[in-house]
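# Summary of structural features
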Amino acid sequence: MQSNRVDRRRLRHRACAGLAAGILAVVPVADAAPFGSRVGMGSPLPGPVSVSTPFDPPAQRWLRGHRGVDLVGTVLAPVRAPADGTVLFAGAVGGRPVLSIDHGGGLRTTYEPVRATVRAGDRVIAGGEVGRLLAGHPGCPASACLHWGARVTSGDPSGDDDDYVDPLSLLADSERPIRLKPTRPGDGAG
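How each quantity is defined
Residues numbered from 1 in each chain as written. Predicted model: local features only at pLDDT ≥ 70, side-chain atom pairs only at ≥ 80, totals over all residues. Heavy atoms only, no water. 1 Å grid on protein atoms, 1.4 Å probe; cavity = no way out; pocket = protein on both sides within 12 Å on 5 of 7 lines; lining within 4 Å. Points joined across faces, edges and corners; volume = space filled by probe spheres on them. Helix = DSSP H or I, 4+ residues; strand = E, 2+ residues; numbered from the N terminus. Disulfide = S-S within 2.5 Å. Buried < 20%, exposed > 50% of the residue type's maximum accessible area, 1.4 Å probe, protein only. Pairing = 2+ DSSP bridges. Axes fitted to C-alpha atoms, helices over the stretch in contact; angles between N-to-C directions. Core = buried A, V, L, I, M, F, W, Y, C linked by side-chain atoms within 4.5 Å. Contact = heavy atoms within 4.5 Å.

## A closer look at the layout of surface pockets
Roughly 430 Å³ of internal volume is contained in the largest pocket. The wall of the largest pocket is formed by 20 residues, among which Val 98, Thr 110, Glu 112, His 147 and Tyr 164 lie closest to the centre. Elements with a contribution of two residues or more to the lining of the largest pocket: β4 (85-93), β5 (96-104), β6 (107-112) and β10 (144-152). For the lining of the largest pocket, the element with the highest residue contribution is β6, accounting for five residues.

What follows is the structure in structure tokens.
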């Protein structure tokens, strides 16, 4: 009886150790985050970041959602590259002027509606102008809004399993929008 209990315990420990080794073999190390080196980007629009529509990803990738943020701007404001990269696409998608930049490490950012001043294949530097913001973004409460998206490729060449991320999470602390917390009685505000 005692021998069976010890043998089962040994089997459980071996199985757990094998499972843990298998998981460690497939899960990348935290330092190997594909876009970790890109956190600290600049804003694509001049001035303080003003969000009109926040990032609201769908629960499942095939459902509706807002896979980026809409930033309030002005018509013909310069749109800047938030980090170094290579222009992947500059043209119309569904009749809308779109620009896409590959920043390396699997990170791509997109911008619309933008009249591009760069072409596919062009290298861009952080802060360099890549286009001008146009009017006409649906649902924009101002004269113009820039839809800024960011996605991280997961390795499938089709791009069908890319993960969208909140572009605001990539901004340097000094570029992020300021959110003030309301005070309540007892918070020490006088």
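## Comments concerning the state of the cysteines
Across all of its chains, the model carries one disulfide by this definition. Bridging Cys 140 to Cys 145, the disulfide has an S-S length of 2.1 Å. Across the S-S bond linking Cys 140 and Cys 145, the dihedral sits near 70 degrees, which makes this disulfide right-handed. For the pair shown, Cys 140 and Cys 145 are each scored as buried.

## Here we look at the sheet that holds strand β3 (residues 78-80)
Taken together, three strands build an open sheet; the order of strands is β3-β9-β7 and the sheet is antiparallel. In this open sheet, the two edge strands, each paired with only one partner strand, are β3 and β7 (114-116). In this sheet, adjacent strand axes meet at a mean angle of 40 degrees when their direction is disregarded. Note: β3 against strand β9 (residues 129-133), three bridges, orientation antiparallel. Looking across to β9, one finds that Val 79 is bridged to Gly 131.

## Here we look at the nonpolar core
Val 79, Tyr 111 and Val 130 are the most contacted members of the largest nonpolar core, which totals 22 residues. Where this core is concerned, the elements lending two or more residues are β2 (68-73), β5, β9 and β10. In terms of residue count, the dominant contributor to this core is β10 (three residues). Setting aside residues no more than four positions away along its own chain, Val 79 makes contact with Pro 44, Leu 45, Tyr 111, Val 114, Gly 128, Glu 129, Val 130, Gly 131, Arg 132, Leu 133 and Leu 146. Core analysis: the second largest hydrophobic core is formed by seven residues, Met 41, Ala 83, Ala 150 and Val 165 among them.

Everything listed here is a matter of coordinates, which is why it stays silent on function.
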